[in-house]
There are 2 protein chains.
Amino acid sequence: MSGEKPQFRAVILAGGSGERFWPLSTPERPKQFLRVFGGESLIRQAVSRLKGIARAKDVFVVTSAKLATATRRELSELPAANVVGEPDRRDTAAAVALGVGAAAPAAAKGDPVVGFFPSDQMVTAPERFRDVVRRAAAVAARSQAVVVVGIRPSCPSTSFGYINPKTGAFFEKPSERRARAYLKQGYLWNAGMFIARASVFRKLFAKHAPDLCVLADGVPVPAALRRVYAALPRISFDFAVMEKAERIRVVPGDFGWDDVGSYGAFDRYFPHDRRGNVREGPCTVVDSEGNICVARSARISLLGVKNLVVVTTPDSVLVADKSRVAEMKRLFSR
Amino acid sequence: MSGEKPQFRAVILAGGSGERFWPLSTPERPKQFLRVFGGESLIRQAVSRLKGIARAKDVFVVTSAKLATATRRELSELPAANVVGEPDRRDTAAAVALGVGAAAPAAAKGDPVVGFFPSDQMVTAPERFRDVVRRAAAVAARSQAVVVVGIRPSCPSTSFGYINPKTGAFFEKPSERRARAYLKQGYLWNAGMFIARASVFRKLFAKHAPDLCVLADGVPVPAALRRVYAALPRISFDFAVMEKAERIRVVPGDFGWDDVGSYGAFDRYFPHDRRGNVREGPCTVVDSEGNICVARSARISLLGVKNLVVVTTPDSVLVADKSRVAEMKRLFSR
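Remember, predicted model here, so these are calculated numbers, not experimental data. In this convention, every chain numbers its residues from 1, walking through the sequence in written order. Each chain gets a letter, beginning with A, and each ligand a number, beginning with 1, in the order they are written. Owing to the predicted nature of the model, reporting of local features is limited to residues with pLDDT of at least 70; listing and counting of side-chain atom pairs is limited to 80 or more, with chain, interface and lining totals taken over all residues.

1. Quick look at the overall build of chain A
Inference 1: Strands are runs of DSSP state E lasting at least two residues, helices are runs of H or I lasting at least four, and both sets are numbered from the N terminus onward. If you tally the helices and strands in chain A, you get ten helices and 17 strands.
Inference 2: For 334 residues, the compact-globule estimate of 2.2 N^0.38 gives 20 Å, and chain A sits close to it at 21 Å.
Inference 3: Based on the C-alpha atoms only, the size of chain A along its principal axes is roughly 65 × 50 × 40 Å.
Inference 4: Among the 334 residues that make up chain A, the fraction classed as buried is 46%.
Inference 5: The contacts of chain A with a sequence gap of at least 6 include a subset with a gap of at least 24, amounting to 60%. Throughout, radius of gyration means the C-alpha value; the globule benchmark is 2.2 Å times the number of residues raised to the power 0.38. Partly exposed residues are those whose C-beta has more than 12 but fewer than 20 other C-beta atoms within 10 Å; with 20 or more the residue is buried, with 12 or fewer it is exposed, and the C-beta atoms are placed from the backbone. Whether two residues are in contact depends on their C-beta atoms, placed from the backbone: they are in contact if these lie within 7 Å.

Below is the structure:
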């Protein structure tokens, strides 16, 4: 980086709804609070891995108003005011605007670089992660571009958006066939990490989503915030802004990233018995294979079953075919 | 029945170990206490259906010493002394001898007819049941035979012993192929109901299992009972006595009998949704079929699964393939 050292602010987006790891996670305690992967909750890990590139006072969280108190408690090292609660769910465009407004209000001095990070992912090589973020922040500091961290794909996943590292063009979650083509072309996964000068974000909102400028300028007082949100459409930042942005730069990253998107993650992070079962908590397993078994209250006993996800909590017992966990939402829409 | 009216005493054998309906039933609360089938526990139903053929004071129960108190509480209409606790499990030969000793001690006057009945079965036509028992008791009263109630088979079951109604010959649980042959020959199911004069039982024990005579003569005092039991082998009444008995008469019965032997019984006694699921308690079922779902504590949610038995209690969650419930014991032998 040449000359002046840029200010760096990090915003963690924590709008998870708790469905994909239900019943371990719930709307009141969504995925970012899960302590299953590593000893700390995922949101704590998200903050911890920023150490060395952002001080606690420069880390912000945008979450739902309902979760703000629990989030402040979980992240007690952050100033309470750095955790901003959204009065309603309005998808990521509003959350990003609010994050810019919280981390770098228009009225404040300077034009910090603001980086956005998800709250519910795993990174197994945090030092490499920080190197990539530093590099991306440096690019953002000396340009008018939004810098996107692109993850090198390990498989033709249909669960992520893709990004062309040369043009910065965004592509939505593809079919498996299309995903294979993307891999051949060298496209990267869009993992929801992007970095730009605050002024760049504000200009993009002004051009593509002017409704959101009021948020990007600074966090309104609560009554005004509720009024603004009530009038907003539900729209993602990728769709509202990024797909229309002209200057996008991609910094590739390879730091053991995992979105921990579904119970399949248990198969990646936990040891298996010799018949391929993952067991967490008290489980008796007879003549059963390929199951993910998480006992958080009552003991689980499996007899003669295959490829199930079985999870017990004091309130709920989930029994799902492993190949169907992406459809978890169907359990709630009835 | 000619001349003198015979005394009739009924003995209910309640030695169940609680494994086949685990975790609804447990060793401390075995199958005969289940209230799932009909509003009353199975053992209460066993006593109730004897009304009209045996007065409460003439109904006896042989159970394990550990369950004696719970059994007296459940069957409060019986005199407490009529519930006899076995100090150890020694299979049915000892239990029958003890039942004869309790219901018709050698020192007492007369030679009553004693009928033995299981504690954990369903009878949907109790009036027909009583007619059959009356007929069997009448045959027993005027003969030196053991009269066995033979159930007309509804399928070539491999779960029951069979009996040749002409010769009284007993056959152990057969292979399916052999079971089909038995059905063609008109053999009946041995449902564990048999009736004879007390003196007939005593003579059979004297000849084939002399160790048990001391029990068949009368219930020893507790210390003596423990001593006797400690020395007894584990052997069934069918094997020790019935297969060697010379005079066996068979009275066929058809009174909606069901042994409620496993979770399969839920498929017979509960309504199904249109995808063949049985649901008891709070269950959410999405794209799943042929499951038996019994929620006794936490809500069960099924997603994309087939032919499972899923049962929740506060302590345990069972997830078993429906075709494997006969192997339930394997969950405990580890």
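2. Here's the deal with the relation of the copies chain A and chain B
Inference 1: C-alpha atoms of residues with pLDDT of at least 70 in both copies form the basis for the least-squares superposition of the copies. Mapping chain A onto chain B calls for a rotation angle of 180° and an axial translation of 0.0 Å; the resulting RMSD is 0.1 Å. In symmetry terms, the pair is related by a two-fold rotation axis.

3. Looking at the interface of chain A and chain B
Inference 1: Contacts between chain A and chain B engage 27 residues on the former and 27 residues on the latter.
Inference 2: Contributions of two or more residues to the side of chain A that touches chain B are made by β13 (283-286), β15 (299-303), β16 (308-312) and β17 (316-321) of chain A.
Inference 3: Element by element, the count of residues in the side of chain A that touches chain B is highest for β17(A), at six residues.
Inference 4: Split by residue class, the side of chain A that touches chain B holds 15 nonpolar, five polar and seven charged.
Inference 5: Pairs of strands are assigned from DSSP output, requiring at least two bridges between the strands. Here five bridges tie β15(A) to strand β17 (residues 316-321) of chain B, and the two strands are oriented parallel to one another. Note on β17(B): the bridge partner recorded for Leu303(A) is Ala320(B). Residue polarity is assigned by list, with Asp, Glu, Lys and Arg as charged and Ala, Val, Leu, Ile, Met, Phe, Trp, Tyr, Cys and Pro as nonpolar; anything else, Gly included, falls into the polar class.

4. Things to note about the domain arrangement of chain A
All names here are of chain A.
Inference 1: When the domains of chain A are assigned, the result is domain 1 (8-258) and domain 2 (264-331).
Inference 2: In this entry, domain limits derive from an automatic or database-based domain assignment. Taking only C-alpha atoms, the centre of domain 1 and the centre of domain 2 are 31 Å apart.
Inference 3: Contact residues are listed per partner, giving seven residues for domain 1 and twelve residues for domain 2.
Inference 4: Taken together, the residues of the side of domain 1 that touches domain 2 sort by class into four nonpolar, no polar and three charged.

5. Brief notes about the environment of Leu183(A)
Residue and element names in this part refer to chain A.
Inference 1: Following the sequence through the fold, Leu183 ends up in helix α5 (residues 176-184).
Inference 2: Expressed as a C-alpha distance, the spacing of Leu183 and Phe194, which sit eleven residues apart in the sequence, is 21 Å.
Inference 3: With near-sequence residues (within four places) excluded, Leu183 lies in contact with Pro153 and Pro156.

6. A closer look at the pairing of β16(A)
Residues and elements named next belong to chain A.
Inference 1: Within β16, five of the five residues are buried, which leaves it mostly tucked inside the rest of the structure.
Inference 2: Because side chains alternate across β16, one face comprises the buried residues Leu308, Val310 and Thr312, and the other comprises Val309 and Val311, equally buried.
Inference 3: Across five bridges, the pairing between β16 and β17 is antiparallel. Following the sheet pairing, Thr312 is matched in β17 by Val317.

7. Quick notes on the sheet that holds strand β15 (residues 299-303) of chain B
Inference 1: Here we have six strands laid out as an open sheet, ordered β12(A)-β14(A)-β16(A)-β17(A)-β15(B)-β13(B), and mixed in their pairing. If you trace the sheet from one side to the other, it starts and ends with β12 (278-280) of chain A together with β13 (283-286) of chain B, each paired once. For this sheet the average axis-to-axis angle between neighbouring strands, irrespective of direction, equals 5°. Lines fitted to C-alpha atoms define the axes here, with helix axes fitted over just the stretch in contact, and angles between the N-to-C directions of these axes take values from 0 to 180 degrees.

8. Points about the environment of Val148(A)
Residue and element names in this part refer to chain A.
Inference 1: Structurally, Val148 can be placed in strand β6 (residues 146-151).
Inference 2: Assessed through the 28 C-beta atoms surrounding it within 10 Å, Val148 is described here as buried.
Inference 3: Residues Val148 and Asp254 lie 106 residues apart in sequence; the distance between their C-alpha atoms is 13 Å.

9. Observations concerning the nonpolar core
Nonpolar side chains tend to gather and get buried jointly when the protein is soluble and globular.
Inference 1: Put simply, a nonpolar core is buried Ala, Val, Leu, Ile, Met, Phe, Trp, Tyr and Cys residues tied into one set by C-beta atoms within 7 Å. Formed by 220 residues in total, the largest nonpolar core has its most connected members in Ile12(A), Val319(A), Ile12(B) and Val319(B).
Inference 2: Here Ile12(A) is in contact with Ile43(A), Ala46(A), Val47(A), Val59(A), Val61(A), Phe117(A) and Ser119(A), once residues within four sequence places are set aside.

10. Points about the sheet that holds β17(B)
Inference 1: In space, the six strands of this open sheet follow the order β13(A)-β15(A)-β17(B)-β16(B)-β14(B)-β12(B), with mixed pairing throughout. Of all the strands in the sheet, just β13 of chain A together with β12 (278-280) of chain B have a single pairing partner and so form its edges. Neighbouring strand axes in the sheet, compared pairwise and without regard to direction, differ in orientation by 5° on average.
Inference 2: Both β13(A) and β15(A) contribute to a ladder of four bridges, which runs parallel. Across the sheet, Val285(A) pairs through a bridge with Leu302(A), a residue of β15(A).

11. Looking at the environment of Leu42(A)
Residues and elements named next belong to chain A.
Inference 1: Mapped onto the elements of the fold, Leu42 is located in helix α1 (residues 42-48).
Inference 2: Leu42 gets classed as buried once you count the C-beta atoms within 10 Å, which come to 24.
Inference 3: Linking Leu42 and Glu176, residues 134 residues apart in sequence, is a C-alpha distance of 28 Å.

12. Brief notes about the pairing of strand β9 (residues 188-197) of chain B
Moving residue by residue along a regular strand, the side chains alternate between the two faces of the sheet.
Residues and elements named next belong to chain B.
Inference 1: In terms of residue burial, β9 counts as a mostly covered element, since ten of its ten residues are buried.
Inference 2: One ladder, built from four bridges, connects strand β6 (residues 146-151) with β9; its direction is antiparallel. Bridged to Ile151 within β9 is Trp189.
Inference 3: Taken together, the three bridges between strand β7 (residues 161-163) and β9 define a ladder with antiparallel strand orientation. From the neighbouring strand, Ile163 faces β9, where its bridge partner is Leu188.

13. Overview of the confidence of the model for chain A
Inference 1: Note: pLDDT gives the predictor's confidence per residue, expressed from 0 to 100. Confidence in the prediction of chain A, expressed as mean pLDDT, is 93, and 98% of residues score 70 or more.
Inference 2: For this predicted complex, the interface confidence comes out at an ipTM of 0.82, alongside a pTM of 0.83.

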